[in-house]
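Examining the three-dimensional arrangement
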Amino acid sequence: HSLRGGSRHVETYVVVGDTAEEIVRYAERSAGRCIVMATHGWGGVLHWAFGSTARKVITSAPVPTLVVRPGAVPEKPEEPATIRTILVPLDGSDLARGVIPIVKELAKPLGAAVTLARIVPIPPGMYMASPYTPMMTQPYFDETIAAQRAAAAADLDALAGELREAGIAATSIVRDGTPANRLLDLLGDGTFDLVVMSSHG
């Protein structure tokens, strides 16, 4: 189907070269405010999270990049997408927090609810099989995780408060474990329509 219609202005661009490099180069010299692309193209679905082209673009692009999984393509792509819930993973760094203005810009006009998430990683001393790290005692481990959870919850609650002041419904959740795996667990039940996160933390 065609994207042309209404007030939309559509241009096409064809170039020969490295796909990711050319996408980033075009984004650098164009007036576009974001890049939208699929997680996989002709390269197939052999990569763990998304294809090598998408990975390169996400980490190099000068503008925000929206990647769409093949299974998320709507039955009627000509109709506007419905985004009611947004998950925002944060790790406590300023780089990760840098997505908050984008979240505000997206959530408010969409009327979408925002959930801020922090995954507290397991301290490396708990990996008992490693001869290179001292084993952490259970009481100290419990205290460490509890302190990190409390600090993360306080930080997220403050950010959620800022979003609520801006008229956005916002909540926060804190979990512990391996960040990527726990985030995938949160996304597994289909609660969230969109994830907004920084390329680096």
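Model, not experiment: these values are computed from the prediction.

1. With respect to the pairing of strand S3 (residues 85–89)
The buried fraction of S3 amounts to 5 of the 5 residues, a majority that puts the element mostly inside the structure. Of the two faces of S3, the one carrying Thr85, Leu87 and Pro89 and the one carrying Ile86 and Val88 are both buried. Bridge analysis of S3 against strand S4 (residues 113–120) gives 5 bridges, and the strand direction is parallel. Bridging across to S4, Thr85 finds its partner in Ala113.

2. What about the packing of helix H1 (residues 19–29) against helix H2 (residues 52–60)?
Pairs of packed helices are described in terms of their axes, by the angle between the two and the distance that separates them. One can describe the packing of H1 onto H2 by two numbers: an axis separation of 8 Å at closest approach and a directional angle of 30 degrees. Looking at the two axes, H1 sits roughly parallel to H2. Regarding H1 and H2, the two cross each other, and that crossing is right-handed. Here Thr19, Ala20, Ile23 and Val24 of H1 come into contact with H2, specifically with Thr53, Lys56, Val57 and Ser60. Tallied by class, the residues present in the contact of H1 with H2 amount to 4 nonpolar, 3 polar and 1 charged.

3. Topic: helix H4 (residues 100–110)
Every buried residue of H4 is listed here: Ile100, Val103 and Ala107. For H4, the arc enclosing every buried residue in end-on projection is 50 degrees, short of the 170-degree limit, so these residues lie on one face. Facing away from the buried side of H4, by more than 90 degrees, are the exposed residues Pro101 and Pro109.

4. Here's the deal with empty space enclosed by the protein
Applying the stated rule across the entire model yields 1 cavity of 30 Å³ or more. Each pocket or cavity is described by its volume, and for the largest cavity that value is around 30 Å³. As for the largest cavity, its lining consists of Leu90, Asp91, Gly92, Ser93, Ala96, Arg97, Arg118, Asp155 and Leu159. In the lining of the largest cavity, the residues fall into 3 nonpolar, 2 polar and 4 charged.

5. Here's the deal with the pattern of salt bridges
Here the structure, examined in full by the defined rule, presents 6 salt bridges. Residues Asp155 and Arg97 are paired through a salt bridge, measuring 2.9 Å at the closest nitrogen-oxygen approach. Taken together, the residues span a long stretch of sequence, with Asp155 in helix H5 (residues 138–165) and Arg97 in helix H3 (residues 94–97) at a distance of 58 residues. The exposure class assigned to Arg97 is partly exposed, which follows from its relative accessible area of 29%. Here the salt bridges share partners, and the residues they tie into one network are Arg97, Arg118 and Asp155.

6. Considering the confidence of the model for the protein chain
For the protein chain, the average pLDDT comes to 82, and 79% of its residues sit at 70 or higher. Long-range and interchain partners of residues 44–50, a stretch whose pLDDT sits below 50, account for 11 contacts in this model, where long-range means more than four residues apart.

7. Details of the sheet that holds strand S5 (residues 170–176)
The 4 strands are arranged S5-S4-S3-S6 in an open sheet whose pairing can be described as parallel. What marks the edges here is a single partner per strand, and that holds for S5 and strand S6 (194–195). Set on the sheet, helix H6 (residues 179–187) makes contact with S3, S4, S5 and S6; between it and S4 the angle comes to about 150 degrees.

8. Digging into the pairing of strand S1 (residues 35–38)
Across the two faces of S1 the burial differs, with Ile35 and Met37 buried and Val36 and Ala38 not buried at all. Bridge count between S1 and strand S2 (residues 65–68): 4 bridges; the pairing is parallel. Paired with Ala38 across the strands is Val68, a residue of S2.

9. Focus: the environment of Ala112
By the secondary structure assignment, Ala112 is in the loop between H4 and S4. Considered as a pair, Ala112 and Ile83 are 29 residues apart in the sequence and their alpha carbons are 6.4 Å apart. Ignoring anything within four residues of it in the chain, the contact list for Ala112 reads Ile83, Arg84, Thr85, Ile86, Ala107, Ile168 and Ala169.

Rules of the game
- Residues numbered from 1 in each chain as written.
- Predicted model: local features only at pLDDT ≥ 70, side-chain atom pairs only at ≥ 80, totals over all residues.
- Heavy atoms only, no water.
- Buried < 20%, exposed > 50% of the residue type's maximum accessible area, 1.4 Å probe, protein only.
- Helix = DSSP H or I, 4+ residues; strand = E, 2+ residues; numbered from the N terminus.
- Pairing = 2+ DSSP bridges.
- Axes fitted to C-alpha atoms, helices over the stretch in contact; angles between N-to-C directions.
- Parallel < 35°, antiparallel > 145°, perpendicular 65-115°, else oblique.
- Left-handed = near helix turned anticlockwise from the far one by under 90°.
- Contact = heavy atoms within 4.5 Å.
- Nonpolar A, V, L, I, M, F, W, Y, C, P; charged D, E, K, R; others polar.
- Arc of directions from axis to C-beta.
- 1 Å grid on protein atoms, 1.4 Å probe; cavity = no way out; pocket = protein on both sides within 12 Å on 5 of 7 lines; lining within 4 Å.
- Points joined across faces, edges and corners; volume = space filled by probe spheres on them.
- Salt bridge = Lys/Arg side-chain N within 4 Å of Asp/Glu carboxyl O.
- pLDDT = per-residue confidence, 0-100.

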